[in-house]
Amino acid sequence: MTYEGRLGARLGPAVRLILCKADGSLAIHSDAKAYKPLNWMSPPCTIEETGNELIARSPKGETLRVELHEIVHDTTVELGNDPGLEKDGVEAELQQLIAARVAALRDDLTLVRREYPTDIGPVDLLCHDSDGRTVVVEVKRVGEIAGVDQLLRYQERLDRDPRFAPTVGLFVAQQIKPQAKVYAQSKGVACIEVDLERLRGDVDPDLTLF
């Protein structure tokens, strides 16, 4: 596999899982690193199959070439319309309570919309600040690195739209793991821990900003 774009990258031959999705994306997985692919092309991109190669090209001029030495298994599955991820009761309640008082996160925030739709899923809370910037808020019960990555993906999608770019990321949870805080800060994302019981009441929620 070779990638040509902002940086060059190469993967040597090995047994891997290649996913080509109907949204125009391609992802290459190994049997490690959990859900995260070794390399990928985000939608929209065009995917060509030519003999022993898969070639994915993005509108930005990036190219991902995958040479197929042997096909162990090849199948196509129609997944249909996805109902979306349902948050557990705590996350849903947190999102609802914070939406009702986004100024508790930052006093200059105003809510634009809950569950703002994108082509990779809904943004929990879309807000504006006093400088007119778009603030993307991701709400979790427990904040981990995967949640920060999810927020960054939403920002990347919205940053493609001049109405929103450049966006600001805000990661909100009852508890945020130390590694997630460090990772978020390295990506320019602010973290806020909230107390659910205090949010349920009428007192100041006593939020903690990192």
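Keep in mind it's a predicted model, so treat the numbers as computed, not measured. (Residues numbered from 1 in each chain as written. Predicted model: local features only at pLDDT ≥ 70, side-chain atom pairs only at ≥ 80, totals over all residues. Heavy atoms only, no water.)

**Details of the pattern of salt bridges**
Now for step 1: A complete count under the given rule lists 13 salt bridges for this structure.
Now for step 2: A salt bridge links Glu193 to Lys181; the nearest nitrogen and oxygen atoms lie 3.5 Å apart. Here the residue Glu193 occupies a position in strand β13 (residues 190-193), and Lys181 occupies one in helix α3 (residues 178-186), the gap between them amounting to twelve residues. You'll find Glu193 and Lys181 in the same group, each marked buried.
Now for step 3: Taken together, the shared-partner salt bridges in this structure form one network comprising Arg106, Asp108, Asp129 and Arg133. (Salt bridge = Lys/Arg side-chain N within 4 Å of Asp/Glu carboxyl O. Helix = DSSP H or I, 4+ residues; strand = E, 2+ residues; numbered from the N terminus. Buried < 20%, exposed > 50% of the residue type's maximum accessible area, 1.4 Å probe, protein only.)

**Let's talk about the sheet that holds strand β2 (residues 9-10)**
Now for step 1: Judged by pairing direction, the sheet is antiparallel, and its five strands sit side by side in the order β2-β1-β8-β7-β6 without closing on themselves. Of all strands in the sheet, those with a lone pairing partner are β2 and β6 (46-50), marking the two edges.
Now for step 2: Here strand β7 (residues 53-57) runs beside strand β8 (residues 63-67); their pairing, made up of five bridges, is antiparallel. Among the inter-strand pairings, Ala56 is bridged to a residue of β8, identified as Leu64. (Pairing = 2+ DSSP bridges.)

**Here we look at the nonpolar core**
Now for step 1: Among the nonpolar cores identified, the biggest contains 18 residues, and Ile98, Leu105, Leu125, Val137, Leu170, Val172 and Val194 are the most heavily contacted of them.
Now for step 2: Counting only elements with at least two residues in this core, the list comes to α1 (89-100), β10 (121-128), β11 (134-143), β12 (168-176) and α4 (196-200).
Now for step 3: Core analysis: the second largest hydrophobic core is formed by 16 residues, Tyr154, Phe164, Ala173 and Ile176 among them. (Core = buried A, V, L, I, M, F, W, Y, C linked by side-chain atoms within 4.5 Å.)

**A closer look at the side chain of Gln155**
Now for step 1: Mapped onto the fold, Gln155 is located in helix α2 (residues 145-158).
Now for step 2: Taking relative accessible area as the criterion, Gln155 reaches 10% and is therefore assigned buried.
Now for step 3: When neighbours within four sequence positions are excluded, Gln155 is seen to be in contact with Val136, Thr167, Val168, Gly169 and Val189. (Contact = heavy atoms within 4.5 Å.)

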